[in-house]
Amino acid sequence: MPSPLVRTKLYVPRARHVVVPRSRLTDHLTREWPPRLTLVAGPAGFGKTTLVAAWAGASGRPVAWVSLEESEQQPASFWTYVVTALDNAAPGVGAGVLPLLQAPHPPMESVLATLLNGLEALPDGVDLVLDDYHLADGPAIAGDVAFLVEHLPPQVHLVISTRADPALPLARLRARGELVEVRAADLRFTVEEATAYLNDVVGLDLDDPEIAMLEGRTEGWIAALQLAALSLQGRDDAAHFIAGFAGDDRYVVDYLVEEVLGRQPDAVRRFLLDTSILDRLSASLCDAVTGAGNGKAMLESLERSSLFVIPLDDSRQWYRYHHLFADVLRAHLLEERPGEVAGLHRRAAESYAVSAEPVPAVRHALAAGDVELAADVMERSVIGMLRRRDEATVRGWVDAIPDEVVHRRPVLAVGFIGALMSRGEFQTVPTRLDELEQVLADPPADRVVLEEHELARVPGAMETYRAALWLVAGDPAGTVAHADLAIARAAPGDDLTVAAASALSGLASWAGGDLESAHRAYSLAVKGLERAGNIADVLGCSITLGDLRVTQGRLGDAKRTYEDALRLAEAHETDGPLRGEADMLVGLSQIALERNEIAAATDDLERVAALGEGLGLPQNPYRWRVARARLREAQGDLTGAVDLLDEAERVYVGDFSPDVCPVAARRARVLVALGRTDDALDWARGRELTADDDLSYVREFEHLTLARILLHQKDADGTARAAAYGLLDRLRVAAEQGGRTGTLIEVLALQAPATGGGRGPHGLRRALDTLERALRLAEPEGYVRTFVGEGAPMADLLGALVRQDPSWRYPRRLLRAFEGATTGPRHQGLVDPLSARELDVLRLLATDLSGPAIAGELYLSLNTVRTHTKNVYAKLGVGGRRAAVTRARELGLL
Amino acid sequence: MNTAATDPDGSGFYEILLQGRLDARWAACFEGLTLTTGDGFTLLAGPVTDQAALHGLLHRLRDIGLPLVSVRQVGTDDEPRTPHHTDSTPGA
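The residue count restarts for each chain, going from 1 along the sequence in the order it is written. Here the convention is simple: chains get letters from A, ligands get numbers from 1, in the order in which they are written. It should be noted that, the model being predicted, local features are given only for residues of pLDDT at least 70 and side-chain atom pairs only at 80 or more, the latter also being counted only at that level, while totals for whole chains, interfaces and linings use all residues. The side-chain values count all of the structure's non-hydrogen atoms but skip hydrogen atoms and water molecules.

*Asks:* Which residues make up the pairing of strand S1 (residues 37–41) of chain A, and what values go with them?
*Replies:* Residue and element names in this part refer to chain A. Working definition: with a 1.4 Å probe on protein chains only, accessible area under 20% of the residue-type maximum means buried, over 50% means exposed, and in between means partly exposed. In this text, helices come from DSSP runs of H or I with a minimum length of four residues, and strands from runs of E with a minimum of two, each type numbered from the N-terminal end. Summarising burial for S1: five of the five residues are buried, a large majority. Here S1 shows two buried faces, one formed by Leu37, Leu39 and Ala41 and the other by Thr38 and Val40. Two strands pair under a simple rule: DSSP has to find at least two bridges between them. Two elements, S1 and strand S5 (residues 179–182), share four bridges in a ladder whose sense is parallel. What sits directly across from Leu37, in S5, is Leu179.

Below is the structure:
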């Protein structure tokens, strides 16, 4: 992820106030049915950008413009700019994509699929312009851009301007008539266009032979024509100049730049050469490099005289030189004052360092050949860059600094280790850690530490990385041991190291199925993150804390976890909701859903939609879809649930956390409910699951899914059922031993109807005992869906349980929930339909329960129940309870 | 036998012919290469580390906007190719 986004790269260049109309080209580009791809290819200075900007300005369609630079060879950076530009042009289109791009390894398939879905849904078209594409083109992005072109919906067009043909299937597009090209031969200015430019725009008043000579000498190269025009302005001897120019065989730009430079006052000439080393120009940056204070005035006057500079924004803060001229200026600089170039770069580096822009600062320091300065900038910024998850940039730095320089700088060395770890490049890490250990134990005389307090963080950070190495190696005990060391060695107040080590320890315990230790460690991590003010990561860890509690069967605690995190986030809001609030709402919706509070669950998920996907953490796109799928399933829309789970799989983003509830397993469960047992079995085979597997917590959800499939399999001789029983019994023991009550309740709820089926009074007795055990565990936490989801056999058992013990309200409540579920969604025959919550109240109004008892049943306050009751009466057009029930029966609502 | 041509990394001595006469000052930008100019063309010659360096060099030439005429690998023991009309590029 590039950070921060350089806004000037998304600036749509204004067509200059006076340009030569080039209708032969813009007409060629403007079509009733624009092609998929428009390619404007030609050398530097051929007027590609001006042409595309003029065409885009007149097209009347929204334009998403990206001025690419070499940093966009990184896919995450490239796509972040592309998606942000599209989102600016068509708000909302990038909402679900940008969070995916923030993952350490963005899932490109999901990024493209989600982006294309968004584009597909656009009512109006949009033109995506990728300017200077040759700077970004390369194997890392070419395949994905080709995929994008191939799948663009008809209302979206891609325009590429480039100096080199892109690595895209151009021949195929050409053959299909889906490519329009403007190439160098087209871009060259004709004699007519040259006349329009030199005489009408610049006002030179040249005669035809003079123009023909200029056109011939420059071969219609507009950059050269512009320079020629500059050289001619204010000259009395135009004819003489043109003759001299035409009779010379030197590189056109050399000749003309020399002419133009030669006519500038020394101060301007010096300014141009000094600042030619900069990619972007601002007044203060120029002042820093030149050491003079005239940057602002100089840039403005250069722009007025159209001398080389191109504004990059509307507020005239940033400019750049035309690339071509910058190259020539640099050649002049290098020839005239070779000894000063390093100093200019060094001053640029220092200026960027002061304005906290480490990336260009490092680039200039390296160009100055000042490795120590580059290392200084890196050392001061590396921790912050890693925290902002800009690991890719830091990873690039690792190769730019010689090992012996890094070796002397423990703070930088540990930062580089962090970048390598986050990119999954572990090979050199153990050696680097050992070397660092030695430097700490026996500091060399030339050791460099810029900030002493950063050095204090190094030992803790090192152990954290060792813990991570052990985790990657699949050794939970080693992970926990090093995490404990990290916490012990963390500098006082280094909350982030404590948090990271705790989280690693928590992960190891979690993957090992020791949920209580995992919860303890994660709670410690959350406290550290909260002290460090890192609220987004507090919310990230709260997802895990909630998941752990749900697996432990502690729905109330899980709910409190999400609510507390949400309150914390709300307290830290400055402008608008914080990232991660959406994730907490998704968590809350899952608790509400399990408790059959359909209205509340719907409400939570709608709030997520209202917040927009951009406000979720990277995992939220898939978690939100899984939550909506479960809601649909609860409402009886099984195919809709499968569709959403398919989508969830596409946008799935993993992290270090064990994937304990894989989306594919959830999908297999819905397939079973749909009667597609064979498809579900295919999934199980693909995952190489068998009933005899050794059990481990990370695969518990999958094994439980397999048991469900086996129970539904057509099974003539009963082997599948027998296998399911055996597996369920082992799962039960494992869940009991691991304290995973949530899993245990589910296992028992599966076992009860299975063991009771048609086995006479003895079987029924056992089934009821099993169910009763499940209910005793589930009742305090308000579980409903786990039972209702088991369908008719469960309802029969519950009925038997109610008959056996009529005073136990919980089974009765579950039975009523069945009625609600089996009737499913339907047309209510009302102008203003009852909400899910009002339906809940209505169903209880039909019983003989009192108001407070209804409130108790629904976990609502009496006042809320009264409000719902009033609404129900109003919507049914009745005045009281009895009439409401009668009317509801007439309407088939009960 | 031309040993340079068999180097798998493409390291060796290269001659790059460009259309247009570049000023001598550009030599500073193409460190390690000699810049010879003739009637309307420029010859860059010298050792190139490997294919990556060669492509980087070609990109820089593209960005200057000089038309590329030819790229040729030559053995270091070969007679260096000389333009028909060498000239000393008079100081500007």
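After that view, the rundown keeps rolling.
*Asks:* Quick rundown of the side chain of His322 of chain A? Include the residues and the values.
*Replies:* Residue placement: His322 of chain A occurs in the loop between strand S7 (319–321) and helix H17 (323–336). Aside from chain neighbours lying at most four places away, what touches His322 of chain A is Gly45, Phe308 and Ile310 of chain A. We call two residues in contact when some of their heavy atoms are within 4.5 Å.

*Asks:* Break down the sheet that holds strand S4 (residues 156–162) of chain A for me, citing the residues and quoting the values.
*Replies:* All names here are of chain A. Taken in spatial order, the five strands make up an open sheet running S2-S3-S4-S1-S5, and their pairing is parallel. The sheet terminates laterally at strand S2 (63–67) and S5, the two strands that pair on one side only. Strand-to-strand twist in this sheet, taken as the mean axis angle between neighbours without regard to direction, amounts to 15°. As paired elements, strand S3 (residues 126–131) and S4 share five bridges and run parallel to each other. When the sheet's bridge partners are listed, Leu130 is paired in S4 with Ile160. Contacts from helix H3 (residues 75–89) reach S2 and S3, with the element oriented near 150° to S2. Comment: axis = line fitted to C-alpha atoms, over the contacting stretch for helices; angle = value between 0 and 180 degrees taken between N-to-C directions.

*Asks:* Can you explain the side chain of Ser276 of chain A? Please cite residues and give values.
*Replies:* Residue and element names in this part refer to chain A. Secondary-structure assignment places Ser276 in the loop between helix H14 (266–275) and helix H15 (283–290). For Ser276, a relative accessible area of 0% puts it in the buried group. When neighbours within four sequence positions are excluded, Ser276 is seen to be in contact with Tyr321, Ala326, Leu329, Arg330 and Leu333.

*Asks:* Explain the packing of helix H11 (residues 222–232) of chain A against helix H12 (residues 238–246) of chain A to me, and be specific about the residues and the numbers.
*Replies:* Two numbers describe a pair of packed helices, the interaxial angle and the distance between the axes. All names here are of chain A. Where H11 meets H12, the axes come as close as 10 Å, and the angle between the chain directions of the two elements is 140°. You can see that H11 and H12 cross each other, and the crossing is right-handed. Only Ala238, Phe241 and Ile242 of H12 make contact with H11, whose side of the interface consists of Ala228, Ser231 and Leu232. Looking at the contact of H11 with H12 residue by residue, the class counts come to five nonpolar, one polar and no charged. Working rule for handedness: look at the near helix, and if it is turned counterclockwise from the far one by less than a right angle, call the crossing left-handed; if clockwise, right-handed. Three classes are used: nonpolar for Ala, Val, Leu, Ile, Met, Phe, Trp, Tyr, Cys and Pro, charged for Asp, Glu, Lys and Arg, and polar for all others, with Gly counted as polar.

*Asks:* Can you lay out unusual backbone geometry for me, pointing to particular residues and giving the numbers?
*Replies:* Trans is the prevailing form of peptide bonds, just as negative phi is the prevailing case for residues other than glycine. Residue and element names in this part refer to chain A. One non-glycine residue, Glu219, adopts positive backbone phi at about 55°. Looking at where Glu219 falls in the secondary structure, it is placed in the loop between helix H10 (208–218) and H11. Residue class for Glu219 comes out partly exposed when judged on its relative accessible area of 43%. Although it is not a glycine, Arg316 sits at a positive phi angle of roughly 60°. By the element assignment, Arg316 lies in the loop between strand S6 (309–311) and S7.

*Asks:* Outline the interface of chain A and chain B, supporting the account with residue identities and numerical values.
*Replies:* With 19 residues of chain A at the contact, the number on the chain B side is 18 residues. Once two parts are brought into contact, the accessible area they lose, counted with a 1.4 Å probe and summed over both, makes up the buried area. Between chain A and chain B the total buried area reaches about 1600 Å² when both faces are included, carbon and sulfur atoms providing 50% of it. By convention in these notes, a salt bridge is any Lys or Arg side-chain nitrogen within 4 Å of a carboxyl oxygen on Asp or Glu. The interface formed by chain A and chain B includes six salt bridges. With its nearest N and O atoms 3.0 Å apart, the salt bridge here joins Arg25 of chain B to Glu335 of chain A. Under this definition, polar contacts are N or O atom pairs within 3.5 Å; protein pairs additionally need one hydrogen-donor-capable and one acceptor-capable atom, and for neighbouring residues in sequence, both atoms have to be side-chain atoms. Our count for the chain A to chain B interface comes out at eleven residue pairs in polar contact (both at pLDDT 80 or more). Those elements giving two or more residues to the side of chain A that touches chain B turn out to be helix H13 (252–262) and H17 of chain A. Among the elements that make up the side of chain A that touches chain B, the one with the highest residue count is H17 of chain A (seven residues). Split by residue class, the side of chain A that touches chain B holds eight nonpolar, two polar and nine charged.

*Asks:* Please set out the packing of aromatic side chains residue by residue, giving values where relevant.
*Replies:* To pair, rings of Phe, Tyr and Trp, with the six-membered ring standing in for Trp, must have centres within 6.5 Å; the planes then decide the type, stacked if under 30 degrees apart, edge-to-face if over 60, and tilted in the middle. Per the counting criterion, the structure on display carries ten aromatic pairs over all chains. Between Trp221 of chain A and Tyr251 of chain A, the aromatic rings sit 6.4 Å apart at their centres with planes inclined by 40°, giving tilted as the arrangement. Taken together, the positions of Trp221 of chain A in the loop between H10 and H11 and Tyr251 of chain A in the loop between H12 and H13 put the pair 30 residues apart, joining distant regions of the chain. No difference in accessibility class separates Trp221 of chain A from Tyr251 of chain A, as the two residues are buried. Through successive ring pairs, a cluster of aromatic residues spans Phe46, Trp221 and Tyr251 of chain A together with Trp26 of chain B. The ring of Phe701 of chain A has Arg669 of chain A lying over it, and the distance from NZ or CZ to the ring centre is 3.8 Å. The criterion for a charge sitting over a ring is simple: Lys NZ or Arg CZ within 6 Å of the ring centre, and within 35 degrees of the ring normal. In this arrangement the basic side chain of Arg776 of chain A is found over the ring face of Trp808 of chain A, its NZ or CZ atom lying 3.6 Å from the centre.

*Asks:* Could you give me a rundown of the pattern of salt bridges, with the residues and numbers involved?
*Replies:* In the structure shown here, the tally under the stated rule is 73 salt bridges over all chains. Here Arg708 of chain A ties to Glu790 of chain A by a salt bridge, and the two come within 2.9 Å at their closest N and O atoms. Pair noted here: Arg708 of chain A is in helix H37 (residues 700–712) and Glu790 of chain A is in the loop between helix H41 (785–788) and helix H42 (792–804), with a separation of 82 residues, a long-range link. We classify Arg708 of chain A as buried; its relative accessible area is 14%. For Arg62 of chain B, the salt bridge goes to Asp63 of chain B, with nearest N and O atoms at 3.2 Å. Here Arg62 of chain B matches Asp63 of chain B in class, with each residue buried. A single network of salt bridges, built from pairs that share partners, joins Glu372, Asp376, Glu379, Arg408, Arg409 and Asp446 of chain A.

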